[in-house]
Amino acid sequence: MATSEASILNNRNKILFLLSSIQFIYTLDLMIMMPLGSFLIASWNISTNQFGLLISSFAIAGGISSFTAVFFIHRYNRLKALFWIFLCFTLGLWLTSFAPNYEILLLSRIFTGIFGGLLGPLILAEISMQFEYSKRSKPISITTIALALASIIGVPASLYLAQMDTWRLPFILLSGMSSVVSCLLYFVNSPQIIEINKKKKIKLNAFLTQWKPFSGLLVTISVSLSQYTIFIYLAPYFVHNLGITEKQLSLIYLVGGISVLIFAPIIGFLSDKYGKQKIFILLSLLLTGPIYMVSHCSFSFFQHILILSIFYFGLDAGRMIPINTILSELTNAEDRTAYLNLCSSIKKMAIGSAALIGGLVIHTLPNHQLLHFDQLGIIALVSITISIGLVLRIKV
């Protein structure tokens, strides 16, 4: 009996490791495109709007695929579906690495986004199946640590490699890593076996007419807008408006990633002990200060920006731990995968909208400085306020 339990725990840990690895690769793919924006803009002489389209197309493609998956993804074994989807995502990374021009790169990002948009909800659904709600924030915080590692190791290393050679090199290395994880994922089986009802049909009305799942969709929109309206254009703003060098930008992402690495396990523990909603609201309130300062204040010393990045990255990523745990419990287990895909679809569309909003609000001067970045800060603060109000009304 003890041997059987140990075997299940060992297999569960293997699954959690692979899920975290997939989260790391997906997050790094999304994150490095943003700071590499200055390299792409310079090397291909594209505009800020064209760069914004690379980000938004990836997100919108993922949103559309996630929405489509709502109606059929629940009919398949989660881990098997995850393997094939991640394999196609890996192919998209290889296509991105060798895109010969802007148009092919844009098509490659759309292809990658289609399959990348399905990864997040499958990861969260698998964690939800393996761990009960009262203990779920801790494993979710482990996947958040993967995000931190992407910032600590991946983004600085990618920027360094891009400076040394070309923007393609980080994507080539990421594609190789993704290929290895795909092979490992093929040989893993879930210790939790659930009966799959292939005839079950998902009706969106069930998610839109009941307050709990519908409120989760609204929270997803508000949280995503508060995150990405600023973050997408943060690197160009730091470089062109505040005079940050590329090497200093790498250090900012390094310090920000370390803060997430420290904050994540603490937030996961506190969320399980004191309640997911309380911790989310607290973190959101604390985050308003860094968002206001980064979007409205001028800095004379680089050290001040570095200190601010500790709290900005740590709080912003950390609040996703309790909110993702909440979202995973707003429907029954049978509908969870479909609902989380719907949340993912809404999130990707919100990220794409944030990129487009940023492109419309911001104006680029001939010296590449960004005007009206402070207005994006206002949009983020309003979105945070709305998310707090919604979470207060959710009963899990």
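Residues numbered from 1 in each chain as written. Predicted model: local features only at pLDDT ≥ 70, side-chain atom pairs only at ≥ 80, totals over all residues. Heavy atoms only, no water.

*Asks:* Please explain the environment of Trp84 as it appears in this structure.
*Replies:* Within the secondary structure, Trp84 sits in helix α4 (residues 78-97). Along the primary structure Trp84 and Ser182 are separated by 98 residues, whereas in three dimensions their C-alpha atoms are 8.5 Å apart. (Helix = DSSP H or I, 4+ residues; strand = E, 2+ residues; numbered from the N terminus.)

*Asks:* What should I look at first to understand the packing of α4 against helix α5 (residues 102-116) in this one?
*Replies:* The description of two helices packed together rests on the angle between their axes and the distance between the axes. As a packed pair, α4 and α5 sit with axes 8 Å apart at the nearest point and diverge in direction by 165 degrees. By the angle between their axes, α4 is roughly antiparallel relative to α5. For the pair α4 and α5, the crossing hand works out as left-handed. Contacts between α4 and α5 involve Ile85, Cys88, Phe89, Leu91, Gly92, Leu93, Leu95 and Thr96 on the former and, on the latter, Leu105, Ser108, Arg109, Phe111, Thr112, Phe115 and Gly116. Taken together, the residues that form the contact of α4 with α5 break down as nine nonpolar, five polar and one charged. (Axes fitted to C-alpha atoms, helices over the stretch in contact; angles between N-to-C directions. Parallel < 35°, antiparallel > 145°, perpendicular 65-115°, else oblique. Left-handed = near helix turned anticlockwise from the far one by under 90°. Contact = heavy atoms within 4.5 Å. Nonpolar A, V, L, I, M, F, W, Y, C, P; charged D, E, K, R; others polar.)

*Asks:* Looking at this structure, how should I read the packing of aromatic side chains?
*Replies:* The geometry of two aromatic rings is summed up by the distance between their centres and the angle between their planes. Enumeration over the complete set of coordinates arrives at 15 aromatic pairs. Arranged with centres 6.2 Å apart and planes meeting at 25 degrees, the rings of Tyr26 and Phe58 form a pair that is stacked. Here Tyr26, found in helix α1 (residues 2-33), pairs with Phe58, found in helix α3 (residues 48-69); they are 32 residues apart in sequence, far enough to count as distant. The buried category is assigned to Phe58, whose relative accessible area is 4%. Pairing Phe67 with Phe71 gives two aromatic rings, centres 5.5 Å apart and planes at 85 degrees, and the pair type is edge-to-face. An aromatic cluster of at least three residues, connected via ring pairs, comprises Tyr26, Phe58, Phe86 and Phe89. (Phe/Tyr/Trp six-rings, centres within 6.5 Å; stacked < 30°, edge-to-face > 60°. Buried < 20%, exposed > 50% of the residue type's maximum accessible area, 1.4 Å probe, protein only.)

*Asks:* Honestly, unusual backbone geometry in this entry has me stumped. Any pointers?
*Replies:* In terms of backbone geometry, most residues other than glycine have negative phi values and most peptide bonds are trans. Of note, His372 is a non-glycine position whose phi angle comes to about 70 degrees, a positive value. When you line up the elements, His372 lands in the loop between β2 (370-371) and α17 (373-392).

*Asks:* What should I look at first to understand the packing of helix α10 (residues 211-231) against helix α15 (residues 320-327) in this one?
*Replies:* Where α10 contacts α15, the two axes come as close as 11 Å, and the packing angle between them is 160 degrees. Looking at the two axes, α10 sits roughly antiparallel to α15. In the crossing of α10 with α15, the sense of the turn from one axis to the other is left-handed. On α15, the residues touching Gly216, Val219, Thr220, Val223 and Gln227 of α10 are Met320, Ile323 and Leu327.

*Asks:* Mind showing me how you'd approach the side chain of Arg336 here?
*Replies:* Mapped onto the elements of the fold, Arg336 is located in helix α16 (residues 336-361). Ignoring anything within four residues of it in the chain, the contact list for Arg336 reads Ser128, Met129, Arg136, Ser328, Glu329 and Thr331.

*Asks:* How should I be thinking about α5 in this particular structure?
*Replies:* An α-helical segment advances 3.6 residues per turn. Residues three or four places apart therefore align on the same side. Under the 1.5 Å per step criterion, the end-to-end length of α5 is 20 Å for 15 residues, consistent within 8% with the ideal 21 Å. Of the positions making up α5, those classed as buried are Tyr102, Leu105, Leu106, Ser108, Arg109, Thr112, Gly113, Phe115 and Gly116. Two to three positions downstream of the cap, the backbone nitrogen of Glu103 sits 3.2 Å from a side-chain oxygen, assigning the N-cap of α5 to Asn101. (Expected span 1.5 Å × (residues − 1). Polar contact = N/O pair within 3.5 Å; in protein donor to acceptor, adjacent residues only side chain to side chain.)

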